[in-house]
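So the chains spell out like this:
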Amino acid sequence: MSDSQPTPEKVLSMMNAYQQTAALYAAIELDVFGALGKGCNDVPSISRHCGASERGIRILCDFLSSHGLIEKSNGRYNHTPTSLVFLDPGSPMSMGSLAAFLNDSAVNNVYRNLAEVVRTGRTTLPGTGTIEPENPLWVTFAKSMVPMMGPIAVPLSNLVLGELSGPIRVLDVAAGHGLFGIEIAKQNPSAQITALDWNQVLDVASENARIAGVDDRYTRLPGSAFDVEFGGLYDAVLLTNFLHHFDKPTCVTLLKKVHRALRPGGIVATLEFVPDESRTRPLAATGFAMTMLTSTEAGDAYTLAELSAMYQEAGFGTVAAHPIPMSPQTVILGKA
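Model, not experiment: these values are computed from the prediction.

## Observations concerning the packing of helix α12 (residues 179-187) against helix α13 (residues 199-212)
At step 1: Where α12 meets α13, the axes come as close as 10 Å, and the angle between the chain directions of the two elements is 25°. By the criterion of interaxial angle, the relationship of α12 to α13 is roughly parallel. Here α12 and α13 pass one another in a crossing that is right-handed. Along its contact with α12, which presents Leu 179, Ile 182 and Lys 186, the element α13 presents Ala 205, Asn 208, Ala 209 and Ala 212.
At step 2: Of the residues belonging to the contact of α12 with α13, the class tally is 5 nonpolar, 1 polar and 1 charged.

Below is the structure:
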């Protein structure tokens with residue numbers, strides 16, 4: 001036990017943490033970070049750019065500065081390295097578009113009644129929560145998550161193609177934006193990609209494939225991963241950001257279906273937020289477990305031991321984990 005004098009700082013910080021979230025989303029909506037990138041550095045110029053009151057901009061920018069998101073010196077505001085790369089709309093790695101998905105009002109309102117969610121162990125959202133069939137939220141996800149998922153697509157594709165070469169068939173389950181299968185097609189001109197998701201989501205993935213110049217090798221398979229026939233045999237199946245929405249038996253059922261769709265020696269690649277065995281680190285994984293609690297019936301962030309056990313029960317022999325550099329996520333490869 002620590003000998004330091006207890007203070008209420010952590011308690012008050014968590015009680016008021018909603019202010020940080022709201023301030024960030026407001027700054028994105030008003031284009032504060034775009035103003036800084038265009039050289040608007042004082043309150044009047046930022047206010048004009050954003051179409052907002054000087055009082056409001058001053059207090060908002062001071063708040064962002066006090067939390068280290070932007071810098072303030074001699075009454076002028078500037079980007080920090082973090083806000084320049086990840087929040088300025090002019091940056092190719094800008095994450096501002098994520099706000100549309102992460103700030104969804106229906107999903108966030110569940111947190112107002114978190115005690116009830118904890119009592120019941122499941123979301124208070126209607127039906128099966130965010131995994132309700134044809135949920136329009138996933139169209140927003142597909143459109144908004146490119147800045148976050150784009151940098152991960154390359155290392156994931158490198159891992160898959162490190163095991164495979166030549167003409168290959170790849171099934172991208174819950175393809176969303178489609179970036180993972182598209183990146184494989186870009187790296188391997190002989191790869192044929194089949195993208196599975198809801199039809200409206202596949203509209204987004206198909207457009208991304210067209211922009212990437214691989215649409216001639218990109219096939220749509222609309223529907224639920226649990227209901228549609230996969231076809232096959234495939235050399236690789238991608239299950240990115242998907243297993244965490246379901247309980248362990250459901251994950252095993254899906255992994256068995258994936259195993260049947262793979263040729264002998266084929267690869268399944270999942271992408272997950274993986275907590276350590278204590279389930280208290282890293283913070284991104286523990287936070288994601290909370291997201292699954294509030295938005296699904298039975299989803300979770302699974303440890304590596306839990307994921308490995310699922311793979312093995314589904315018939316996969318070799319299981320290997322590959323943390324993605326500068327990312328909170330891990331790729332888990334299994335071989336059929």
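Structure shown, so let's carry the discussion forward.
## Section: the packing of helix α11 (residues 146-161) against α12
At step 1: One way to put it is that α11 packs onto α12 with a least axis distance of 8 Å and a crossing angle of 50°. By the angle class used here, α11 and α12 are oblique. Crossing of α11 over α12 shows right-handed handedness. Of the residues in α12, those touching α11 at Val 146, Met 149, Gly 150, Ile 152, Ala 153, Val 154, Leu 156, Ser 157, Asn 158, Val 160 and Leu 161 are Leu 179, Phe 180, Glu 183, Ile 184 and Gln 187.
At step 2: When grouped by side-chain class, the residues that make up the contact of α11 with α12 number 11 nonpolar, 4 polar and 1 charged.

## Let's talk about helix α14 (residues 248-261)
At step 1: The first and last C-alpha atoms of α14 sit 20 Å apart over 14 residues, in line with the 20 Å expected at 1.5 Å per residue.
At step 2: All of the buried residues along α14 are Cys 251, Val 252, Leu 254, Leu 255, Lys 257, Val 258 and Ala 261.
At step 3: Each element contacted by the buried residues of α14 is listed here: β6 (234-240), β7 (262-272) and α16 (304-313).

## As for the sheet that holds strand β4 (residues 191-197)
At step 1: If you trace the 7 strands from one edge of the open sheet to the other, you get β5-β4-β3-β6-β7-β9-β8, paired in mixed fashion. Every other strand in the sheet has two partners, leaving β5 (218-222) and β8 (318-323) as the edge strands with one partner each. Averaged over all adjacent pairs, the angle separating strand axes in this sheet is 20°, with direction ignored.
At step 2: Strand direction decides the pairing type here: β7 and strand β9 (residues 330-335), joined by 6 bridges, are antiparallel. Bridge pairing links Val 268 to Gly 334 in β9.
At step 3: In the packing of α12 onto the sheet, contacts are made with β3 (168-173), β4, β5, β6 and β7, and the angle to β4 comes to roughly 175°.

## Description of the packing of aromatic side chains
Geometry of an aromatic ring pair is reported as the spacing of the ring centres plus the angle between the planes.
At step 1: Taken as a whole and assessed by the stated rule, the structure comprises 8 aromatic pairs.
At step 2: Note on Phe 242 and Phe 246: the rings are 5.1 Å apart at their centroids and 70° apart in plane angle, and the pair reads as edge-to-face.
At step 3: Taking relative accessible area as the criterion, Phe 242 reaches 12% and is therefore assigned buried.
At step 4: Judged by its relative accessible area of 10%, Phe 246 falls in the buried class.
At step 5: Between Tyr 311 and Phe 316 the ring centres are 5.6 Å apart and the planes differ by 50°, which places this aromatic pair in the tilted class.
At step 6: Tyr 311 sits in the buried class, given a relative accessible area of 0%.

## Examining unusual backbone geometry
At step 1: For the bond running from Gly 232 to Leu 233, omega is 5°, close enough to zero to count as cis.
At step 2: Tracing the sequence through the fold places Leu 233 in the loop between β5 and β6.
At step 3: Residue Pro 282 is reached from Arg 281 by a cis peptide bond, and omega for that bond is -10°.
At step 4: Residue placement: Pro 282 occurs in the loop between β7 and α15 (283-295).
At step 5: Phi is positive for Asn 74, close to 55°, though the residue is something other than glycine.
At step 6: Structurally, Asn 74 is set in the loop between β1 (70-73) and β2 (76-79).

## A short note on the pattern of salt bridges
At step 1: Under the criterion given, the structure shown has 12 salt bridges.
At step 2: In this structure, Lys 72 engages Asp 62 in a salt bridge whose closest nitrogen and oxygen atoms are separated by 2.9 Å. With Lys 72 in strand β1 and Asp 62 in helix α5 (residues 54-66), the pair connects residues that are 10 residues apart, well separated along the chain.
At step 3: Here Lys 72 falls in the partly exposed class, since its relative accessible area comes to 44%.
At step 4: Taking relative accessible area as the criterion, Asp 62 reaches 25% and is therefore assigned partly exposed.
At step 5: Glu 306 serves as the salt-bridge partner of Arg 279, at 2.9 Å between the closest nitrogen and oxygen. With a gap of 27 residues between them, Arg 279 in the loop between β7 and α15 and Glu 306 in helix α16 connect regions that are remote in the sequence.
At step 6: For Arg 279, a relative accessible area of 31% translates into the label partly exposed.
At step 7: Residues joined by salt bridges that share partners form a network here, namely Lys 248, Arg 279, Asp 300 and Glu 306.

Criteria and thresholds
- Residues numbered from 1 in each chain as written.
- Predicted model: local features only at pLDDT ≥ 70, side-chain atom pairs only at ≥ 80, totals over all residues.
- Heavy atoms only, no water.
- Axes fitted to C-alpha atoms, helices over the stretch in contact; angles between N-to-C directions.
- Helix = DSSP H or I, 4+ residues; strand = E, 2+ residues; numbered from the N terminus.
- Parallel < 35°, antiparallel > 145°, perpendicular 65-115°, else oblique.
- Left-handed = near helix turned anticlockwise from the far one by under 90°.
- Contact = heavy atoms within 4.5 Å.
- Nonpolar A, V, L, I, M, F, W, Y, C, P; charged D, E, K, R; others polar.
- Expected span 1.5 Å × (residues − 1).
- Buried < 20%, exposed > 50% of the residue type's maximum accessible area, 1.4 Å probe, protein only.
- Pairing = 2+ DSSP bridges.
- Phe/Tyr/Trp six-rings, centres within 6.5 Å; stacked < 30°, edge-to-face > 60°.
- Salt bridge = Lys/Arg side-chain N within 4 Å of Asp/Glu carboxyl O.

Functional significance is not addressed by these values, which are geometric in nature.
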